[in-house]
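Observations on the three-dimensional arrangement
Residue strings, one per chain:
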Amino acid sequence: MADTDFTTVSATDAGATTTDAADPAAAPASTTEQAKQTVKDYSSKYGAQATDRIRTFADTGKERAVGGLDQLSQLINDAAGQVDDKLGAQYGDYARTAAGTVSGFAEQLKAKDVEELLEEAREFVRKSPGVAVGVAAALGFALARLVQSGIDSNKA
């Protein structure tokens, strides 16, 4: 039997592909490709988890908003009786109409999926960008005032 010199074993015999033998930089590239694929897999996995969590938070927020609107409607409806006594039945009817409007809005929110609500918001912004910016500014101002009042009350 002939002695084999292991230093002369070809790259093909060592398990490398012919492209690896021809291009020594191909091995790191395949490792890079594997790393890229791993990152893609993890990002899609965590992206899906994040999307699910966001949907859960949005659904929870929608339910809380509907509950708050229902309570507001009930509060206005209860106050309508007092308005009847103090200001007259006509003004009490205004309060009941307002309560019905708030209740109807709450029912509309209940009936729609979060995706539908987001699409309606997008469509509103497309149709009336000026109004949308104004509403966003007003909400931002109100939120800033609420935060500021919370900070001020904590200092006292």
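Above this text you will find the structure in question.
Description of the structure in this document. All of these numbers come straight from a predicted model, not from anything done at the bench.

Re the overall build of the protein
Helix and strand counts for the protein come out as 5 helices and 0 strands. Here the protein holds 156 residues, and the buried ones make up 9% of them. If you take every contact in the protein between residues at least 6 apart in sequence, the share linking residues at least 24 apart comes to 48%. If you sum the accessible surface of the protein, you get close to 12200 Å²; carbon and sulfur atoms cover 60% of it.

Some thoughts on the layout of surface pockets
Size it by volume and the largest pocket reaches roughly 240 Å³. In terms of lining residues, the largest pocket is bounded by A58, K62, F105, Q108, L109, K112, V114, L117, L118, E120 and A121. Taken together, the elements giving at least two residues each to the lining of the largest pocket come down to α2 (26–87), α3 (89–111) and α4 (114–127). Here the lining of the largest pocket gets 5 residues from one element, more than from any other, and that element is α4. Partitioned by chemical class, the residues of the lining of the largest pocket number 7 nonpolar, 1 polar and 3 charged.

What to know about the packing of aromatic side chains
Enumeration according to the criterion identifies 2 aromatic pairs in this entry. Measuring from centroid to centroid gives 5.8 Å for Y91 and Y94, while their planes differ by 70°, and the two rings are edge-to-face. Of this pair, Y91 and Y94 are both found in helix α3, 3 residues apart, which corresponds to roughly one turn of the helix. By relative accessible area, which is 43% here, Y91 ends up partly exposed.

Brief notes about the side chain of S73
Note on placement: S73 falls in helix α2. Leave out the neighbours within four places in its chain, and S73 touches A99, V102 and S103.

Considering the pattern of salt bridges
Opposite charge on two side chains permits pairing when their charged atoms draw close. Tallied over the full model, the rule gives 10 salt bridges. One salt bridge in this structure joins E115 and R55, with 2.6 Å as the shortest N-O distance. Linking E115 in helix α4 with R55 in helix α2, this pair joins segments that are 60 residues apart in sequence. Given a relative accessible area of 35%, E115 falls into the partly exposed group. Among the residues examined, R55 registers a relative accessible area of 42% and is labelled partly exposed.

Things to note about the nonpolar core
V66, L69, V102, A106 and L109 together form the largest nonpolar core, which totals 5 residues. Counting only elements with at least two residues in this core, the list comes to α2 and α3. Sort the elements by how many residues they give to this core and α3 lands first, with 3 residues. With residues up to four places along the chain from it excluded, the contact list for A106 reads V66, L69 and D70.

Each value, and the rule that gives it
Residues numbered from 1 in each chain as written. Predicted model: local features only at pLDDT ≥ 70, side-chain atom pairs only at ≥ 80, totals over all residues. Heavy atoms only, no water. Helix = DSSP H or I, 4+ residues; strand = E, 2+ residues; numbered from the N terminus. Buried < 20%, exposed > 50% of the residue type's maximum accessible area, 1.4 Å probe, protein only. Contact = heavy atoms within 4.5 Å. Areas by Shrake-Rupley, 256 points an atom, 1.4 Å probe, with all protein chains shown as cover. 1 Å grid on protein atoms, 1.4 Å probe; cavity = no way out; pocket = protein on both sides within 12 Å on 5 of 7 lines; lining within 4 Å. Points joined across faces, edges and corners; volume = space filled by probe spheres on them. Nonpolar A, V, L, I, M, F, W, Y, C, P; charged D, E, K, R; others polar. Phe/Tyr/Trp six-rings, centres within 6.5 Å; stacked < 30°, edge-to-face > 60°. Salt bridge = Lys/Arg side-chain N within 4 Å of Asp/Glu carboxyl O. Core = buried A, V, L, I, M, F, W, Y, C linked by side-chain atoms within 4.5 Å.

Keep in mind that these numbers describe shape and distance, not what the molecule does.
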